[in-house]
Amino acid sequence: MASVGEQRVVLITGCSSGIGLRIAVLLARDEHKRYHVIATMRDLKKKDRLVEAEGDAYGKTLTLLALDVCSDESVKQCIDSVKDRHIDILINNAGVGMLGPVESISLDEMKKVFETNFFGTVRMIKEIMPDMKKRRSGHIIVMSSVMGLQGVIFNDVYTASKFAIEGFCESLAVQLLKFDVKLSMIEPGPVHTEFETKMMEEVAKMEYPGADADTVRYFKDVYLPSSIDIFQAMGQTPDDIANCVKKVVESSRPRFRNLTNSLYTPIVAMKYADETGGLSVHAFYNLLFNFGSLMHFTMSLLKCLTCSCLRRRTISPD
């Protein structure tokens, strides 16, 4: 039984902008008022955009709390402030990106990515999961990525952090079934957010000490233009992802893995079709380095491979 009347209590991390903000708005403005949303962010000074988007739902079906997923103390203080520590649905959305030649990225920078994307999610789960197990009820949702299923060149560190959380959750999901606690992964491809746009602009201007000239050239002149083309052609909006999350929340039998973009289904299928791994590695190599127009070729290939049956499989929880 939820702690706010008949509403289910939903705690969401990373709600100051982008996907987290849109999930919070969508659930808090549910026409049947089925959810009480606790939207969290590290710095409450960044709340204005969320408060404006919520409108009259703010203070009624949505409350705000400060939360830094990288701090044990902050996580515990936040959860302790929730009535009876009762959270029906935990949506782990907070995350950071990392892009560029691996030679130019320090280990400290890599650790910061893992601190948020992996350990931040684990920290939240460890704090909330015991209460869910005691009640034998709850749903944990983790914002992963298609890069948690398939590695992407020059996204080595970010991809590694998403692979790590995929493996952690896949293992944990088996145990949680015994306690009637659900665990679901959300796996978007490219998403149009201010964060992604700003990161793309910044990395194009950066210097990359430690990386050889050829690698920097491949990154700036081959990968980045192709990546931008793919974002423009295939990118989803934060609202698209929020709608997918809402369907998973509402499902009586939510799937463990939920790809949000059916055009990426063949990429994942290609990886698992060849146990040696060579098929996907060489396919990506050829797409990137042996074709003049990566975006055009990739779009044609994916549209040919993606049939209507695969499209129907994308986010159809029931």
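Residues numbered from 1 in each chain as written. Predicted model: local features only at pLDDT ≥ 70, side-chain atom pairs only at ≥ 80, totals over all residues. Heavy atoms only, no water.

## What about unusual backbone geometry?
Phi at K33 takes a positive value of approximately 55°, unusual for a residue other than glycine. As for its placement among the helices and strands, K33 is situated in the loop between helix 1 (18-28) and strand 2 (35-41). Here K33 falls in the exposed class, since its relative accessible area comes to 55%. Despite not being glycine, R85 shows a phi value in the positive range, around 55°. (Helix = DSSP H or I, 4+ residues; strand = E, 2+ residues; numbered from the N terminus. Buried < 20%, exposed > 50% of the residue type's maximum accessible area, 1.4 Å probe, protein only.)

## Points about the pairing of strand 6 (residues 181-187)
When you tally the buried positions in strand 6, you get 6 out of 7 residues, the bulk of the element. Summarising the sheet, strand 5 (residues 138-143) and strand 6 pair through 6 bridges and their orientation is parallel. Across the sheet, the residue bridging to G138 is V181, located in strand 6. Note: strand 6 against strand 7 (residues 257-259), 3 bridges, orientation parallel. Following the sheet pairing, I186 is matched in strand 7 by N258. (Pairing = 2+ DSSP bridges.)

## Concerning the UniProt feature "binding site: substrate" (unreviewed entry) in the protein chain
Taking the UniProt record as the reference, the feature "binding site: substrate" (unreviewed entry) is found at S145. Inspection of the secondary structure assignment puts S145 in the loop between strand 5 and helix 5 (156-177). A relative accessible area of 6% means that S145 is categorised as buried. When sequence neighbours within four positions are dropped, the list of residues in contact with S145 reads Y158, K162, E166, I186, E187 and P188. A distance of 2.9 Å separates a polar atom in the side chain of S145 from the backbone nitrogen of M147. (UniProt positions renumbered as here; feature names shortened; annotations may be inferred. Contact = heavy atoms within 4.5 Å. Polar contact = N/O pair within 3.5 Å; in protein donor to acceptor, adjacent residues only side chain to side chain.)

## Focus: a nonpolar patch on the surface
Taken together, the side chains of I153, Y218, Y285 and F289 make up a nonpolar region of the molecular surface, amounting to roughly 350 Å² of accessible area. Within the fold, Y285 resides in helix 10 (residues 278-289). The class for Y285 is partly exposed, based on a relative accessible area of 44%. (Patch = residues over 30% accessible without salt bridge, like charges linked within 9 Å, V, L, I, M, F, W, Y side chains within 5 Å. Areas by Shrake-Rupley, 256 points an atom, 1.4 Å probe, with all protein chains shown as cover. Salt bridge = Lys/Arg side-chain N within 4 Å of Asp/Glu carboxyl O.)

## Some details on the pattern of salt bridges
As enumerated under the stated definition, the model contains 16 salt bridges in all. Taking the shortest distance from any N to any O, the salt bridge between R123 and E115 comes out at 2.9 Å. R123 gets classed as buried once you look at its relative accessible area, which sits at 17%. Residue classification places E115 among the partly exposed positions, given a relative accessible area of 26%. The closest approach of N and O atoms between R217 and D214, which form a salt bridge, is 3.2 Å. One end of the pair is R217 and the other is D214, both in helix 7 (residues 213-234) and 3 residues apart, which spans about a single turn. Residue D214 is classed as partly exposed on the basis of its relative accessible area, which comes to 41%. Several salt bridges converge on common partners, so that one network encompasses K76, D80, R85, E127 and D131.

## Regarding the packing of aromatic side chains
On inspection of all chains with the given rule, the structure shows 8 aromatic pairs. Taking the centre distance of 5.3 Å and the plane angle of 80° together, the rings of Y208 and F219 count as edge-to-face. In this pair, Y208 is assigned in the loop between helix 6 (194-205) and helix 7 and F219 in helix 7, connecting sequence segments 11 residues apart. Between the aromatic rings of Y218 and F289, the centroid separation amounts to 5.3 Å while the plane-to-plane angle is 75°, which identifies the pairing as edge-to-face. Pair noted here: Y218 is in helix 7 and F289 is in helix 10, with a separation of 71 residues, a long-range link. An aromatic cluster is built from F154, Y208, F219 and Y223, whose rings are joined through pairwise contacts. (Phe/Tyr/Trp six-rings, centres within 6.5 Å; stacked < 30°, edge-to-face > 60°.)

## A short note on the packing of helix 3 (residues 72-80) against helix 4 (residues 107-135)
Describing two packed helices takes the angle between their axes plus the distance from one axis to the other. Viewed as axis vectors pointing N to C, helix 3 and helix 4 meet at an angle of 40°, and their least axial separation amounts to 10 Å. As helix 3 runs across helix 4, the sense of the crossing is right-handed. Contacts between helix 3 and helix 4 involve D72, V75, K76 and I79 from the former and R123, M124, E127 and I128 from the latter. When the residues that make up the contact of helix 3 with helix 4 are grouped by side-chain class, the tally is 4 nonpolar, no polar and 4 charged. (Axes fitted to C-alpha atoms, helices over the stretch in contact; angles between N-to-C directions. Left-handed = near helix turned anticlockwise from the far one by under 90°. Nonpolar A, V, L, I, M, F, W, Y, C, P; charged D, E, K, R; others polar.)

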